[in-house]
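A structural walkthrough
One letter stands for each residue in the lines below.
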Amino acid sequence: MGHKSLATIIALQRKTTNIRNLCILAHVDHGKTTLADSLVASNGIISSRLAGKLRYLDSREDEQIRGITMKSSAISLHFPLGMNEYLINLIDSPGHVDFSSEVSTAVRLCDGAIVIVDAVEGVCPQTQVVLRQAWLENIRPVLVINKIDRLIVELKLTPQEAYIHLKKILEQVNAVTGTLFTSKVMEERAEKESEKQGPYENSGGEQIYDWSAGLEDTDDSHLYFSPDQGNVVFASAIDGWGFSIHQFAQIYSQKMGIRVEVLLKTLWGDFYLNAKAKKIMKGAQSKGKKPLFVQLVLDNLWSLYDAIVMKRDKEKVEKMVASLGVKVAARDLRHSDPKVLLSAVCSQWLPVSQAVLTMVCEKLPSPLDVASERVEKLMSVGARRFDSLPERTQELKKAFLECSNEDAAPVIVFVSKMFAVDSKALPQNKQRPLTQEEIAQRRELARQRHAERLAANQVSENPESAHTGGIAETAPSIGENSTGVIELQTEESKEHFVAFARVYSGVVRRGTKVFVLGPKYDPAQALKMLPEGCSSADALPSVPHMSCCTLDSLYLLMGRELEELEEVPSGNVLGIGGMEEWILKSATISTSPACPPFTPLNFEATPIVRVAIEPKHPSEMPRLVKGMKLLNQADPCAEVLIQETGEHVLVTAGEVHLQRCLDDLRERFAQIEISASKPIIPFRETVIRRPKVDMVNEELGKQQKVAVIHQSKEEQYKYPEGVQVDSSGLVTLTTPNKMATIGVRAMPLPEEVTQLLEANGSLIRTMEQFSLSMKEGKALEINQRTLESIQDFKGKLESHLQGRKWRDAVNRIWSFGPRRCGPNLLLNNLESYQRPSVWQCLEGERVPGTALRDFDNSIISGFQLATLSGPMCEEPLMGVCLSVERWDMKLPSLGSHQDSMDGEEKVSDGDSKQKAAQEPWGAAEAYGSHNKRWPDVSVDCYGPFSGQLIAAMKEACRHAFQHQPQRLMAAMYTCEIMATAEVLGRVYGVLSKREGRILQEEMKEGTDMFIIKAVLPVAESFGFADEIRKRTSGLASPQLVFSHWEVVSSDPFWVPTTEEEYLHFGEKADSSNQALKYMNGVRKRKGLYVEEKIVEHAEKQRTLGKNK
Ligand SMILES: Nc1nc2c(ncn2[C@@H]2O[C@H](COP(=O)(O)OP(=O)(O)OP(=O)(O)O)[C@@H](O)[C@H]2O)c(=O)[nH]1
Ligand SMILES: [Mg+2]
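Residues numbered from 1 in each chain as written. Chains lettered and ligands numbered in written order. Predicted model: local features only at pLDDT ≥ 70, side-chain atom pairs only at ≥ 80, totals over all residues. Heavy atoms only, no water.

1. Focus: the overall build of the protein chain
Of the regular secondary structure elements, the protein chain holds 33 helices and 38 strands. Relative to its full complement of 1108 residues, the protein chain shows a buried share of 51%. Approximately 53000 Å² of the protein chain is accessible, and the part contributed by carbon and sulfur atoms is 51%. (Helix = DSSP H or I, 4+ residues; strand = E, 2+ residues; numbered from the N terminus. Buried < 20%, exposed > 50% of the residue type's maximum accessible area, 1.4 Å probe, protein only. Areas by Shrake-Rupley, 256 points an atom, 1.4 Å probe, with all protein chains shown as cover.)

Spelled out as structure tokens, the structure:
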């Protein structure tokens, strides 16, 4: 980068009004990086001839080879527009679903976004996702409809058809924004309403809603994309052209003498030119006229392509070139590839960078325009209310809004990710060309050394020595170089991390001391602990989740390169070096301890693909561990963990992401050979209602049972000692010391309930936090919106849990599990035990008289353990309700330690002891008794009592589960595949081979493509994308997105019992049982007992126990 442009950029960084921070968002392959190339070329960083071919911002080797972007990267560009100079901080993001976390990290640092849509493919799944992400972060988008050349060259549409096609695409995009907008208006209106009325007054009474209210008086015109609003550019990034209708309005207003404003309003839409009257009229469609856009814009483009690419008509081309007034080099005119000529002409006539950057500067906000709503959202973590934050924290909102460069302004920086760079790429290690003086100096030094050496060697007089002068002169410098190289190499092995960040307030300077605030930092707590007016330079007591450090190096991010900076003013994107010790993935940096941590990033992708990793040579384990740590830091979405089995596990978002992580580990972070296991597929375990038909669809109960060869499953299943099961499925179990007896029943939850529980994990967590804080005697302040959501969630649960079986179930919920927020319920169906409800936060005040019974927590823990790993293959449960129907305790010889919450002093009251000893501890008077404690016999020979109770509860849950018909649930992907009619059959072939199910198939309008929507088990998905690509010669490439969990219909424990089943499946029933296959796969991997039939002799079978 030249010194001049660096100086320009540094100067521009201070002009906050002229800064635009933006990212490029789109579905995969819609042309983000190609467009970025054109923008980069406009600054002379790469040659414009290479723009579109180089994909400059895809700096990784694998990005270039695969042709997809995997990491978002930033570059700063300057752009003169009229009298102003703008600074554009541009971030290119990946479009592949596997890397959507990189999009989240990019979007957070921006104020605006360029959303690209492929003119042929239109709105695709990722387009919707990125629009939603932009929406969630409150950043403003502008639209580029790219690859218009494909409409001309590939689809061969006429200009009129293309116009209609483009109109449809705009409608599609606007439909997506429309939905986002409407939901927000509704939300805001509801909020206003409830503020007026108080939170719950309207929940009971009837209320008539006027749904249209609010929508009508909210002006939403600026939200929609429309060429006449100036927020749409039509482009072909690869051919280097692009325009908004402003450009054409300018051109034609001169040519035709029509005012620009008139043209701006009419160039897009149902208007036509009445040549006789020399007027622009409305109603092109009804009168069968050519719309203005077709006549003045598309026709010209089409004829240019026709002359240059299709017909290669030299004369016509020359005429056109002359009339457009562009200059084309003779060699371009002669070039054998017509595309060269095309881009030479187009990039002068309608340069895409000009069109896009003008739109960006005019339509996207500067950092000063940040909305106060966005600031509040950034500052209030999770369910907390902005106005419940400490006063000093709330004051910081002003700093955000002012985005000031004053010295007095507090520094606030957000780091959205850490990325690893090669130490060679760091500016301080870059090899600079030597100046003349330095060369002369070195030469002089070398000469002196040589002379000294000669003097030392003078003993042996060599007549030729005079000639060697030239060589000898260079010799020492080679030596010098080689030591330099060695130094570099040792330096190279160290990875450097650079924090990808943005300054929201104040000026960041090198050497500033700052606070680094982790995501869990609580300013309220810190402000209490820290002395008033302290700064990061003072010696301070340690505060949780806060550390102090000095900012070492600041960088300007220039794509592949970094430039060192002394200071970065507010509103800019920057890189910060040397933060790896303080920041894992993201953090907030500030000079004020009152600064809250920013809300966590919205990650759309769920990490689902796990593999276990091992070094090829066991001795290299430490390097692997270190490498995985680095990888964890460098990737926003990858997770690394050590399983209980000691395996090192890597969790990634998908297959492509996995591949990239493994490559990174091998080549960069660990630099050793590693082997990865097959992907570990997650499953869930559940119970279902008793099926009414058997495996051959015969109604159960009506058939004649064959002579019992196989006993039915229930009979086979032997319950261990101490477990009793009654005919209704209630499992009772007594602790080893015979002091407590628990009765549990398992039931399947309705599907809607499971989905609700799953979708509302974060609400449940908030409720859990609230209950915890209540136990500690504090009340957490929850914001109004969250409270409403909880109320709504409760209402929905109630409406789905209807019927006798579920009477009052919602109020009887004891806990959620596993991890206290999962999709399983623990119900308190004990007549005599009233405990504080999990819905406490909705009750306003704590209802008196309900306290927790001792060991309440042990029951919950047992439930958590049982739901965390089920009996089928130790995978988590899902959609199971465990209802506790009996809990008797006998008093004597029990331990009082551990988890009872009301831990007051124990009273060894002989009287009560005696009384309690006579009756089982089930009477109501014993509940919540603060003064009746267990006598202090803490541990009996079976271990602590709480532990026994936890184990008993866990076992009871497991047996109750096993008493019901058990099923596995498989994780499912949805995929959208776009394919032409010829390859459709093959796509179906691959899908059905992999147990996929087609949901929908439709033709994409205006093209010959079909869009197929299908679901596919994750377990069958590995290599799916590759296989589809191969079978369709690269024409179809699916993207897999995790969608939901689905019950595998077959029973893994099934054995044929009826005559028909024998006839159908044979006595051995060895035709494949998908569920059994999955279950045994997991059991084998976990080293659990697997019962397998192994063919020993051709006609005889034996059952062998195998422990593989
Ligand atoms: N015909 C045509 N092809 C284009 C155009 N722009 C980009 N392409 C091609 O589309 C492909 C994808 O381009 P990229 O720029 O890598 O797409 P991307 O959006 O950055 O892709 P990801 O980063 O992987 O999401 C490349 O082969 C480009 O040559 C265009 O305007 N017209
Ligand atoms: Mg890209």
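2. What about the site of ligand 1?
In the vicinity of ligand 1 lie 20 residues, with K32, T33, T34, T69 and D149 positioned nearest. In the environment of ligand 1, an oxygen atom lies 3.0 Å from a nitrogen or oxygen atom belonging to the backbone of A237. Measuring from an oxygen atom of ligand 1, one finds a backbone N or O atom of I238 at 3.3 Å. Calculation on ligand 1 without its partners gives an accessible area of 650 Å², and the protein chains cover 84% of this total. Of all elements in the fold, only α2 (32-41) and α6 (148-153) reach the threshold of two or more residues within the shell around ligand 1. The biggest single contributor to the shell around ligand 1 is α2, with three residues. Per-class residue counts for the shell around ligand 1 are five nonpolar, nine polar and six charged. (Near = heavy atom within 4 Å. Polar contact = N/O pair within 3.5 Å; in protein donor to acceptor, adjacent residues only side chain to side chain. Nonpolar A, V, L, I, M, F, W, Y, C, P; charged D, E, K, R; others polar.)

3. What about the coordination of the magnesium ion (ligand 2)?
Ligation of the magnesium ion (ligand 2) by protein atoms is provided by T33 (OG1) and T69 (OG1), these donors lying 1.9 Å from the ion. Residue T33 is found in helix α2, and its partner T69 is found in the loop between α3 (61-66) and β2 (73-81); the two are separated by 36 residues along the sequence. The same class applies to T33 as to T69, namely buried. (Donors = N, O, S within 2.8 Å, 3.2 Å for Na, K, Ca; no water.)

4. As for the packing of aromatic side chains
Geometrically, a pair of aromatic rings is defined through the distance of the ring centres and the angle of the planes. Under the criterion given, the structure shown has 24 aromatic pairs. Their ring planes at 55 degrees and their centres at 5.8 Å tell us that F400 and Y504 sit as a pair that is tilted. Note that F400 is positioned in helix α17 (residues 391-402) and Y504 in strand β11 (residues 496-505), a separation of 104 residues in sequence. Both residues of the pair, F400 and Y504, belong to the buried class. A ring pair is formed by W814 and W887, whose centres lie 6.0 Å apart and whose planes are at 40 degrees; its orientation type is tilted. Note that W814 is positioned in strand β28 (residues 813-817) and W887 in strand β30 (residues 880-889), a separation of 73 residues in sequence. Across the pair, exposure class does not vary: W814 and W887 are buried alike. Within the aromatic cluster, the residues linked to one another by ring pairs are Y163, F234, W241, F243, F248, Y252, W268, F293, Y305 and W349. (Phe/Tyr/Trp six-rings, centres within 6.5 Å; stacked < 30°, edge-to-face > 60°.)

5. A few points about the pattern of salt bridges
Tallying each qualifying case throughout the model produces 39 salt bridges. Between D58 and R55 there is a salt bridge, and its shortest N-O distance comes to 3.1 Å. For the residue pair D58 and R55, the accessibility class agrees, reading buried in each case. Between D1051 and R967 there is a salt bridge, with the nearest N and O atoms lying 3.6 Å from each other. Taken together, the positions of D1051 in the loop between β36 (1039-1047) and α32 (1059-1065) and R967 in strand β33 (residues 966-980) put the pair 84 residues apart, joining distant regions of the chain. The class for D1051 is buried, based on a relative accessible area of 14%. (Salt bridge = Lys/Arg side-chain N within 4 Å of Asp/Glu carboxyl O.)

6. Some thoughts on the nonpolar core
Residues I88, I114, I576, L650 and W887 are the most contacted members of the largest nonpolar core, which totals 148 residues. If you look at the next biggest cluster of nonpolar residues, it comprises 58 residues, including V115, V123, I148 and F248. (Core = buried A, V, L, I, M, F, W, Y, C linked by side-chain atoms within 4.5 Å.)

7. Regarding the sheet that holds strand β29 (residues 824-828)
Strand order in the open sheet formed by six strands is β25-β26-β27-β30-β29-β28, and the pairing between neighbours is mixed. Both edges of this open sheet fall to β25 (723-725) and β28, since each of them pairs with a single strand only. The sheet shows a mean angle of 25 degrees between the axes of neighbouring strands, direction not considered. Across the sheet, helix α29 (residues 945-963) lies against β25, β26 (731-734), β27 (740-748), β29 and β30, angled at about 35 degrees from β27, the strand it touches most. (Pairing = 2+ DSSP bridges. Axes fitted to C-alpha atoms, helices over the stretch in contact; angles between N-to-C directions. Contact = heavy atoms within 4.5 Å.)

8. Some points on the side chain of T599
Mapped onto the elements, T599 comes out in the loop between β19 (587-590) and β20 (609-615). A distance of 3.5 Å separates the side chain of T599 from the backbone oxygen of K377, its partner in a polar contact.

9. Overview of unusual backbone geometry
Of note, the amide linkage connecting G817 to P818 takes the cis form, showing an omega dihedral of -5 degrees. With respect to the secondary-structure elements, P818 resides in the loop between β28 and β29. With a phi close to 45 degrees, R55 is a non-glycine residue in the positive phi region. Take R55: it is sitting in the loop between α2 and α3. Classification of R55 as buried rests on a relative accessible area of 17%.

10. So, the packing of helix α21 (residues 621-634) against helix α22 (residues 655-669)
Here α21 crosses α22 at 125 degrees, and the two axes come no closer than 10 Å. Judged on the interaxial angle alone, α22 and α21 are oblique. α21 and α22 meet at a crossing whose hand is right-handed. Each of G627, M628, L630, L631 and A634 in α21 lies in contact with α22, whose residues at this interface are C661, D664, L665 and F669. (Parallel < 35°, antiparallel > 145°, perpendicular 65-115°, else oblique. Left-handed = near helix turned anticlockwise from the far one by under 90°.)

11. Some remarks on the sheet that holds strand β22 (residues 648-652)
Read from one edge of the open sheet, four strands run β21-β22-β20-β23, paired in antiparallel fashion. Edge strands, defined here as strands with exactly one partner in the open sheet, are β21 (639-642) and β23 (674-676). Sheet twist, expressed as the mean angle between neighbouring strand axes with direction ignored, is 30 degrees. The pairing of β20 with β23 spans three bridges and is antiparallel. Bridging across to β23, P615 finds its partner in I674. Sitting on the sheet, α21 touches β20, β21, β22 and β23, and the angle it makes with β22 is about 25 degrees.

12. Focus on helix α16 (residues 372-379)
Every buried residue of α16 is listed here: R374, V375, L378 and M379. Along the axis of α16, the buried residues cluster in a sector spanning 125 degrees; they form a single face. Turning to α16, the residues buried within the fold contact α4 (100-108), α17 and β11. (Arc of directions from axis to C-beta.)

13. Digging into the environment of L357
The residue L357 is located in helix α15 (residues 352-363) in this model. Assessed through its relative accessible area of 1%, L357 is described here as buried. Considering only alpha carbons, one finds L357 and L81, 276 residues apart in sequence, at a separation of 8.9 Å. In this view, L357 contacts L39, S42, F79 and I88; residues no more than four positions away in its chain are not counted.

14. Looking at the packing of helix α27 (residues 856-868) against α29
To describe two helices that pack against each other, one gives the angle between their axes and the distance between the axes. Their axes nearest at 7 Å, the elements α27 and α29 cross at an angle of 45 degrees. By the criterion of interaxial angle, the relationship of α27 to α29 is oblique. Here α27 and α29 pass one another in a crossing that is right-handed. Contacts between α27 and α29 pair S858, I859, S861, G862, F863, L865 and A866 from the former with S946, L949, I950, M953, K954 and C957 from the latter. Class assignment for the residues of the contact of α27 with α29 results in eight nonpolar, four polar and one charged.

15. Overview of the confidence of the model for the protein chain
Keep in mind that low pLDDT regions are not for reading the predicted coordinates in detail. Confidence along the protein chain averages 79 in pLDDT terms, with 81% of residues attaining 70 or more. Between residues 198-216, whose pLDDT stays under 50, and residues either more than four places distant or in other chains, the model counts 21 contacts. Counted against residues more than four places away or in other chains, residues 893-937, with its pLDDT under 50, gives 79 contacts. (pLDDT = per-residue confidence, 0-100.)

16. Concerning the pairing of strand β6 (residues 232-236)
Look at any regular strand and the pattern is simple: side chains alternate between the two faces of the sheet. Within β6, five of the five residues are buried, which leaves it mostly tucked inside the rest of the structure. With burial as the criterion, each face of β6 is covered, one bearing V232, F234 and S236 and the other bearing V233 and A235. Alignment of strand β5 (residues 140-146) against β6, held across three bridges, turns out to be parallel. The residue bridging L143 from the neighbouring strand is V232, located in β6. Relative to strand β7 (residues 241-243), β6 is paired through three bridges, and the arrangement is antiparallel. Across the sheet, the residue bridging to A235 is G242, located in β7. Hairpin connection from β6 to β7: four residues lie between these consecutive antiparallel strands, with G240 at a positive phi of about 80 degrees.

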